[in-house]
Amino acid sequence: MAPRPLTDAAVLKQLKTVGEKIAGTVGGKERLALLRRQAQLGDQRDAAADKARKAKH
């Protein structure tokens, strides 16, 4: 079963949290996992923005 898509607010909140963790003292595999999560969240945010923009036209 695929995970539910996050709301825009949830994506932004998670991006902020992940960014704060990356800025902290994490390293190694944990840092790489956080960077991957940040990229996934950014993709979701961008896809939602594209969808909203296309819906206006």
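Only a predicted model underlies this, so the values are computations on that prediction, with no experimental measurement involved. (Residues numbered from 1 in each chain as written. Predicted model: local features only at pLDDT ≥ 70, side-chain atom pairs only at ≥ 80, totals over all residues. Heavy atoms only, no water.)

K.L.:
Help me out: how do you make sense of the environment of Ala 47 in this one?
P.N.:
Relative to the assigned elements, Ala 47 resides in helix 2 (residues 28–56). On the basis of relative accessibility, which here comes to 46%, the residue Ala 47 falls in the partly exposed class. Separated by 27 residues in the primary sequence, Ala 47 and Glu 20 place their C-alpha atoms 23 Å from one another. (Helix = DSSP H or I, 4+ residues; strand = E, 2+ residues; numbered from the N terminus. Buried < 20%, exposed > 50% of the residue type's maximum accessible area, 1.4 Å probe, protein only.)

K.L.:
Would you take a moment to explain the pattern of salt bridges for this structure?
P.N.:
Once the charged atoms of two side chains with opposite charge are near each other, the side chains can pair. The final tally for this structure, using the stated rule, is 3 salt bridges. Residues Lys 16 and Glu 20 are paired through a salt bridge, measuring 4.0 Å at the closest nitrogen-oxygen approach. Taken as a pair, Lys 16 and Glu 20 lie in helix 1 (residues 8–23) at a separation of 4 residues, close to a single helical turn. A salt bridge links Arg 45 to Asp 46; the nearest nitrogen and oxygen atoms lie 3.4 Å apart. Residue Asp 46 is classed as partly exposed on the basis of its relative accessible area, which comes to 38%. (Salt bridge = Lys/Arg side-chain N within 4 Å of Asp/Glu carboxyl O.)

K.L.:
Got a minute to help me understand the packing of helix 1 against helix 2 in this structure?
P.N.:
Following both chains from N to C, one finds helix 1 and helix 2 inclined at 155 degrees, their axes separated by 9 Å at the closest point. In terms of axis orientation, helix 1 runs roughly antiparallel to helix 2. Taken as a pair, helix 1 and helix 2 cross one another with a handedness that is left-handed. Packed against helix 1, whose contacting residues are Asp 8, Val 11, Leu 12, Gln 14, Leu 15, Val 18, Gly 19, Lys 21 and Ile 22, the element helix 2 presents Arg 31, Leu 34, Leu 35, Arg 37, Gln 38, Leu 41, Gly 42, Gln 44, Arg 45 and Ala 48 at the interface. Here the residues of the contact of helix 1 with helix 2 are counted per class, giving 9 nonpolar, 5 polar and 5 charged. (Axes fitted to C-alpha atoms, helices over the stretch in contact; angles between N-to-C directions. Parallel < 35°, antiparallel > 145°, perpendicular 65-115°, else oblique. Left-handed = near helix turned anticlockwise from the far one by under 90°. Contact = heavy atoms within 4.5 Å. Nonpolar A, V, L, I, M, F, W, Y, C, P; charged D, E, K, R; others polar.)

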